[in-house]
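# Coordinate inspection notes
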Amino acid sequence: QVQLVESGGGLVQAGGSLGLSCVASGRTFSNFIMGWFRQAPGKEREFVAAITWSGGTTNYADSVKGRFTISRNNARNTMYLQMNSLKPEDTAIYYCAATYSSTWKFRVREFGYWGQGTQVTVSS
């Protein structure tokens, strides 16, 4: 079993920055992909970014490329999401997610482990 706990988030003005963290615990993390998803009110949960635990390879949704940076610290079992140049449309609950896979995963249903979510609100 894997447990994921997010922290960070909050309220920021448009153009500002916020950072999120996700601490993983439980099983070992070989062949592990961790990602961030978000869900805005009235919308489906969507992929934001993902990173492979071993090699640190990253992937981003087009809507956040160049603004968000995903990273991880293996020694601390922690994944991060640095969000810069935030826009009101980035407002959502952000979820940390993880799955065991040797190939890229992007769909909500492909991730078996989820955190509780943290609110990010960007005011205009």
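Residues numbered from 1 in each chain as written. Predicted model: local features only at pLDDT ≥ 70, side-chain atom pairs only at ≥ 80, totals over all residues. Heavy atoms only, no water.

## A look at the sheet that holds strand 3 (residues 18-26)
To be explicit about the condition: Here a strand pair is declared whenever DSSP counts at least two bridges between the two strands. Numbering of helices and strands runs from the N terminus; a helix is a DSSP stretch of H or I covering at least four residues, while a strand is a stretch of E covering at least two. Every axis in this analysis is a line fitted to C-alpha atoms, fitted for helices over the stretch in contact. Angles between the N-to-C directions lie between 0 and 180 degrees.
Taken together, 4 strands build an open sheet; the order of strands is 1-3-8-7 and the sheet is antiparallel. Both edges of this open sheet fall to strand 1 (2-8) and strand 7 (68-73), since each of them pairs with a single strand only. Here the strands of the sheet are splayed against their neighbours by 15 degrees on average, with no regard to which way each runs. Where strand 1 and strand 3 come together, 7 bridges link them in antiparallel fashion. What sits directly across from Glu6, in strand 3, is Cys22.

## Points about the confidence of the model for the chain
Note the threshold: How sure the predictor is of each residue is captured by pLDDT, a score from 0 to 100.
This prediction gives the chain a mean pLDDT of 94; 100% of its residues lie at or above 70. Here strand 1 stands out as the least confident element of the chain, with mean pLDDT 94; strand 11 (residues 118-123) is the most confident, with 98.

## Quick word on the state of the cysteines
Note: disulfide means a covalent bond formed between the sulfur atoms of two cysteine side chains. Inclusion rule: Sulfur atoms of two cysteines make up a disulfide when they are within 2.5 Å. We call a residue buried when its accessible area falls under 20% of the maximum for its residue type, exposed when it is over 50%, and partly exposed in between, using a 1.4 Å probe and counting protein chains only.
A complete count under the given rule lists 1 disulfide for this structure. Sulfur-sulfur distance for the disulfide between Cys22 and Cys96 comes to 1.9 Å. Between Cys22 and Cys96, the S-S dihedral sits near -65 degrees, and the bridge is therefore left-handed. Here Cys22, found in strand 3, pairs with Cys96, found in strand 9 (residues 92-100); they are 74 residues apart in sequence, far enough to count as distant. The exposure classification of Cys22 matches that of Cys96, with both residues buried.

## Thoughts on the nonpolar core
Applied cut-off: We call a set of buried Ala, Val, Leu, Ile, Met, Phe, Trp, Tyr and Cys residues a nonpolar core when their side-chain atoms join them within 4.5 Å.
Residues Leu4, Met34, Trp36, Leu81, Met83 and Tyr94 are the most contacted members of the largest nonpolar core, which totals 38 residues. The set of elements that each furnish at least two residues to this core consists of strand 1, strand 3, strand 4 (32-39), strand 5 (46-52), strand 7, strand 8 (78-83), strand 9 and strand 11.

## Considerations on the environment of Gln116
Threshold: Contacts were defined at the residue level, with two residues in contact if any of their heavy atoms lie within 4.5 Å.
The residue Gln116 is located in the loop between strand 10 (113-114) and strand 11 in this model. The sequence separation of Gln116 and Ala14 amounts to 102 residues, and the corresponding C-alpha distance is 25 Å. Residues contacting Gln116, with those up to four places away along its chain left out, are Leu4, Val5, Glu6 and Tyr95.

## Examining the packing of aromatic side chains
We count it as follows: A pair of Phe, Tyr and Trp rings is counted when the ring centres sit within 6.5 Å of each other, with Trp represented by its six-membered ring. The angle between the planes then sorts it: under 30 degrees is stacked, over 60 is edge-to-face, the rest tilted. Two conditions define a charge located above a ring, namely a distance within 6 Å from the ring centre to NZ of Lys or CZ of Arg, and an angle within 35 degrees of the ring normal.
For the structure shown, the criterion picks out 10 aromatic pairs. Summarising the aromatic geometry, the rings of Phe32 and Tyr100 are spaced 4.7 Å apart at their centres and angled 55 degrees between planes, so their arrangement reads as tilted. In this pair, Phe32 is assigned in strand 4 and Tyr100 in strand 9, connecting sequence segments 68 residues apart. Phe32 sits in the buried class, given a relative accessible area of 2%. Pairwise contacts between aromatic rings join Phe37, Phe47, Tyr95, Trp104, Phe106, Phe111 and Trp114 into one cluster. Across from the ring centre of Tyr95, 3.7 Å away, lies the NZ or CZ of Arg45, which sits over that ring. Between the NZ or CZ atom of Arg45 and the centre of the ring of Trp114, over which it lies, the distance is 4.8 Å.

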